[in-house]
Structures are given as structure tokens and as C-alpha cells.
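The lines below spell out each chain.
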Amino acid sequence: MRVVLLYLVLASFVLLSSIKDGSAGITSSFIRSEFPSTDIPLDHEVFAVPKGYNAPQQVHITQGDYDGKAVIVSWVTTDEPGPSKVQFGTSENKFQTSAEGTVSNYTFYKYKSGYVHHCLIEGLEYKTKYYYRIGSGDASREFWFETPPKVEPDVPYKFGIIGDLGQTFNSLSTLEHYLQSGAQTVLFVGDLSYADRYKYNDVGLRWDTWGRFAERSTAYQPWIWSVGNHEVDYMPYMGEVTPFKNFLNRYTTPYLASQSSSPLWYAIRRASAHIIVLSSYSPFVKYTPQYTWLKEELTRVDREKTPWLIVLMHVPLYNSNEAHYMEGESMRSVFESWFIHYEVDVIFAGHVHAYERSYRFSNTDYNITSGHRFPIADKSAPVYITVGDGGNQEGLASRFTDPQPEYSAFREASYGHSTLEIKNRTHAIYHWNRNDDGKKVPIDSFILYNQYWGSNRRRRKLKKNFLMTLVDEAVSM
Ligand SMILES: *[C@@H]1O[C@H](CO)[C@@H](O)[C@H](O)[C@H]1NC(C)=O
Ligand SMILES: *[C@@H]1O[C@H](CO)[C@@H](O)[C@H](O)[C@H]1NC(C)=O
Ligand SMILES: *[C@@H]1O[C@H](CO)[C@@H](O)[C@H](O)[C@H]1NC(C)=O
Ligand SMILES: [Fe+2]
């Protein structure tokens, strides 16, 4: 009896201490030797203009509807408008079907944009490879993409997460590492080109170079766009005061399909995930369109169909870096309680040029009279992940607050990207890959258990269903 008791005491001690060890946050001391944080020169091959008269360039695709049976193809032509038609089909060199798009052009200061084409292709089959052709004559170009599986609770799918990319050699390294990851769709957490670091006509020019730079990925798989501060392009000194003008002319999102009134916030469902995109730089307080839309969209989330609930935004709500410290507080005070109530699995953000992952923590009990407010461990809270480390010309944010706050699980100031590999309704495998000087090095990784299906009650239900299926199968055998 005594031995058993002793054993129990020892066992619980080991258990407790391992929990404590597991929860100590890590600040990685890794310091990476980096390429200089300067943009790749204009004459570099990554920005090469495709050959031929009026050849389509800056090709990019995104999801075109709520559930993944449509794609929007976008591109730019420079010599003349040319056709806005996309020809497509399921076998190479056979483009049986075509869709008609739109073309537009705009100015930014004295810069005149090329002709920007957007074409929606609808009624696609799920889980099918499509080849597509754009442009005309000798200068037409061909690409392909794969549609996602039908929206169902247990379909596996692999997302990549990239933020704050820019167009430096570090950006190129991130993109090349991402291309090796085998992920199927990019969740982009804002700050695309950093063209606003330039002045006058060079702003438009650097939006063009970024479009050509990213094409190696964006032409072949959807990038789910969310906007950052570098998309605002508010430049009164040259008379440009319409926010998001470059971004909105060049990039489209399927916002109408999720009943949003703005391309800057919207939602899609893809495979087994419901993805909500928010705009950190659009009004979000009570009664604003974004607030009202999010409130309704959260009620449309059906965890029986899409077990995974993912939110994207640019400014992190939890950030222990000195860079952009507390900038997410305003949105956190408005939306955090909803994210907990609706059992959001993970929130990806960018903005801070470093990597950070939180434990499940919340900070929603604010008493303005007593001033009482501090984050507490909270199993129902989302995991917050900052991946603002795509590699733009502003360089790394390497000063973290000291000591590391309790909510912070892992942080490192290195360039990289993440992947989220959904296995089924309960398990997803998460990785953060540091770009270690030309090598793809997975550093931070863990199994993400689904917030909704992980609860005891639903796990029991799932087990019961599973047993019933076994019984059914046994009976029918
Ligand atoms: C759009 O292109 C047409 C034809 O090249 C040109 O005449 C017009 O000025 C352009 N519009 C803008 C806003 O740049
Ligand atoms: C807020 O703090 C004040 C002062 O400590 C206290 O009297 C009040 O009950 C608190 N309110 C809530 C809602 O906890
Ligand atoms: C879900 O995936 C995980 C990881 O691959 C696996 O261990 C688990 O058994 C799977 N669950 C079901 C219900 O298939
Ligand atoms: Fe930013």
C-alpha cells in the first residue's frame, strides 16, 4: 500500500514537473546571418518580363467563391488591353472551356498601370487539376492549379502561412523554401510588396516587380489575401489619398460570396477549414461594417462541416516584441471574447518581423474601475501565431521584451514561413520553418488539437459514431 502511495506521489510529481517544463516559454538565441535587407535590383531575373508582344505578367489566382469551386485569375498586360479571356480544361493543351473577365487601368501619381485583368472561373470540379491559358498568339502563357476537395470535416489539406514578404533576397529565400513545402494554398497575412517604401512613380513600378516576383507561386495556387499597413498607400504628398488603391486594383477577393461589403474582410471555406480574413486597417469597432459582418459570419461557421476555424489579420493581438508593441490592443478588446466563444483554433498575423507563438491565453476581464486586467491560461482561447518574417527590406525585429511573458511559448527573430497540415477533424500538424541560410529548417512544431472536436463531450460523440460505424460494418459483413 505504502509503495503504491509513494509511486503515486512520485508519478504525480513527475507529471507536474513535466507540465511546468513544457510551459516555460522559449526565446531562441539563434542569430541568422542574413542577406542585406535591400530590394533585389530591377534588372534581376526574378523580375524578368515574359517575352512577346503584350504577354500576360504578374499572374495570380485566388479562391473565387465560398466553397472552392471557383477561381479568380488575375494578370497584367502592358502593350494593349488584349483579351480578358481564360481558356481552361482538365488536360494539358486542351482548353475546352473559357470564361470572360474584365480589364481596367489606373494611375498612381504619374505612373500609369498596365491593363489589369480579373477573370472568374466558376463551376469547377473539386479535387481536380486544371490547366489554363491567358493572353493571345505567340505570347499566350499556360499555367495550372488544383481545386480543393469538397468541404467535408475529415479531408486533409496543407496550408502555408507567409507574411510581410517584400522583394529582397530574404523574400526570395522564403518563397523558395515555401515552394518546397508541399503546401497547397497560401494564407497571406498582409504586407505584400513594400512598394510604399519608394516615392512617386516607383511605387507603381515596385508593385509590378512584386507581381512578377511572386508569380512562381501565385500563378499555380491560390493566395488568400489579407491587407497590411503597406497596402494602405496613403501618400498625400503626391496627391494619392485613396487607401488601398494599388492593392484593390490589382488583387481581388471573393468577398461577395461571404456577404461582406468590402474586399478587405471576407471568409472562405476550403477543404475542412473555415477561414476568416480581417482588415486591421479598416474600422472594426461596434456598428462598423466589419464588426457587423464578423458577428454574422461567426454564426455561419459550421464545425460539423468545417472543424477548423482559422482567422487571419495583419496586426497580432498577442505580441511580445518591442516592434509594434500593443498595436493589436484595440482589435483585441473588440474581438477577443468572440474568438474564445466561437472556439477559434488559431489566429495568424504578421506585421512584426519575427516569429512568435502563444499558449492558449485570454485577457478578457477588464475592470476599468479597478484597473484589473492580465492574461490568464485559458483552454478555450485560440493559439496566436505571428509570422511577419517573410523577409522584406525593413529587416528583422530582434528586440523581444524581457522577461518573456507567460503567454509566449516560442519566439525567434528569423525569416521563415509556416505550414498547417490538417490531418482530420481533430489533428493538424503545425511547423514553422526558419530560412537557415539557404536550407529549409523546421524549428517550431506541434500538434494542433481541434478546439471544437477536442472537447470531451464531442470527442465522446465522435468515438460513439466511430464505434457505431464499426458495428454497422460488422453487421453488414
Ligand atoms: C487606360 O488606358 C487607356 C488606353 O491606353 C488610356 O487612354 C487611359 O488614359 C488609361 N486610363 C488611366 C486611368 O490610366
Ligand atoms: C470592478 O472593480 C471595482 C473596484 O475594485 C469593484 O467594486 C467592482 O465590483 C468590479 N466590477 C466587476 C464587474 O468586477
Ligand atoms: C486523426 O489524425 C491523427 C494524426 O494523423 C491520428 O493519430 C488520429 O487517429 C486521426 N483520427 C481519426 C479519427 O482518424
Ligand atoms: Fe506591417
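None of the values given here were measured: they were computed from a predicted structure. (Residues numbered from 1 in each chain as written. Chains lettered and ligands numbered in written order. Predicted model: local features only at pLDDT ≥ 70, side-chain atom pairs only at ≥ 80, totals over all residues. Heavy atoms only, no water.)

## Some details on the coordination of the iron ion (ligand 4)
Coordination sphere of the iron ion (ligand 4), protein contribution only: Asp-191 (OD), Asn-229 (OD1), His-314 (NE2) and His-351 (ND1), at 2.2 to 2.3 Å. Coordination at the iron ion (ligand 4) is irregular: its 4 donor atoms span angles of 85 to 168° at the metal. Between consecutive donors of the iron ion (ligand 4), the numbers of intervening residues give the motif D-x37-N-x84-H-x36-H. Taken together, the residues Asp-191 in the loop between β13 (185-188) and α3 (201-218) and His-351 in the loop between β18 (346-349) and β19 (355-358) connect sequence positions 160 residues apart. When sorted by exposure, Asp-191 lands in the same class as His-351, which is buried. (Donors = N, O, S within 2.8 Å, 3.2 Å for Na, K, Ca; no water. Tetrahedral: all angles 85-135°; square planar, octahedral: opposite > 155°, others 65-115°. Helix = DSSP H or I, 4+ residues; strand = E, 2+ residues; numbered from the N terminus. Buried < 20%, exposed > 50% of the residue type's maximum accessible area, 1.4 Å probe, protein only.)

## Side note on helix α2 (residues 169-179)
Among the 11 residues of α2, 8 are classified as buried, and the element is accordingly described as predominantly covered. Turning to α2, its buried residues number three or more, namely Asn-170, Ser-171, Leu-172, Ser-173, Thr-174, Leu-175, His-177 and Tyr-178. Sitting at the amino-terminal end of α2 is Thr-168, which places a side-chain oxygen 3.0 Å from the backbone nitrogen of Asn-170. (Polar contact = N/O pair within 3.5 Å; in protein donor to acceptor, adjacent residues only side chain to side chain.)

## Focus on the UniProt feature "domain: Calcineurin-like phosphoesterase" (unreviewed entry) in the protein
The UniProt feature table records "domain: Calcineurin-like phosphoesterase" (unreviewed entry) at residues 158-355. Within the segment residues 158-355, helix and strand shares are 30% and 16% respectively, and the terminal C-alpha atoms sit 20 Å apart. (UniProt positions renumbered as here; feature names shortened; annotations may be inferred.)

## Quick word on the packing of aromatic side chains
One pass over the structure, following the stated rule, counts 33 aromatic pairs. Three or more aromatic residues joined by ring pairs make a cluster, and in this case those are Phe-88, Tyr-130, Tyr-132, Phe-143, Trp-144, Phe-145 and Tyr-220. One cation-aromatic arrangement involves Lys-129 over Trp-144; the distance from NZ or CZ to the ring centre is 4.2 Å. (Phe/Tyr/Trp six-rings, centres within 6.5 Å; stacked < 30°, edge-to-face > 60°. Lys NZ or Arg CZ within 6 Å of the ring centre and 35° of its normal.)

## Concerning the site of ligand 1
The full set of residues close to ligand 1 is Asn-105, Thr-107, Lys-112 and Tyr-115. At 2.2 Å, a side-chain N or O of Asn-105 approaches an oxygen atom of ligand 1. At 2.6 Å, a side-chain N or O of Tyr-115 approaches an oxygen atom of ligand 1. The protein chains hide 45% of the 370 Å² of surface that ligand 1 would expose on its own. A class-by-class count of the residues in the shell around ligand 1 yields 1 nonpolar, 2 polar and 1 charged. (Near = heavy atom within 4 Å. Areas by Shrake-Rupley, 256 points an atom, 1.4 Å probe, with all protein chains shown as cover. Nonpolar A, V, L, I, M, F, W, Y, C, P; charged D, E, K, R; others polar.)

## A short note on the pairing of β18
Burial of β18 is two-sided: the residues Val-346 and Phe-348 facing one way and the residues Ile-347 and Ala-349 facing the other way are all buried. Taken together, the 3 bridges between strand β17 (residues 308-312) and β18 define a ladder with parallel strand orientation. Of the residues in β18, the one forming a bridge with Leu-312 is Phe-348. Handedness of the crossover joining β17 and β18 through helix α6 (residues 329-341): right-handed. As judged from the 4 bridges shared by β18 and strand β22 (residues 383-387), these two strands associate in the parallel manner. Residue Phe-348 lies in a different strand from β22, and its bridge partner there is Ile-385. (Pairing = 2+ DSSP bridges. Right-handed = clockwise from strand over helix to strand, strands pointing away.)

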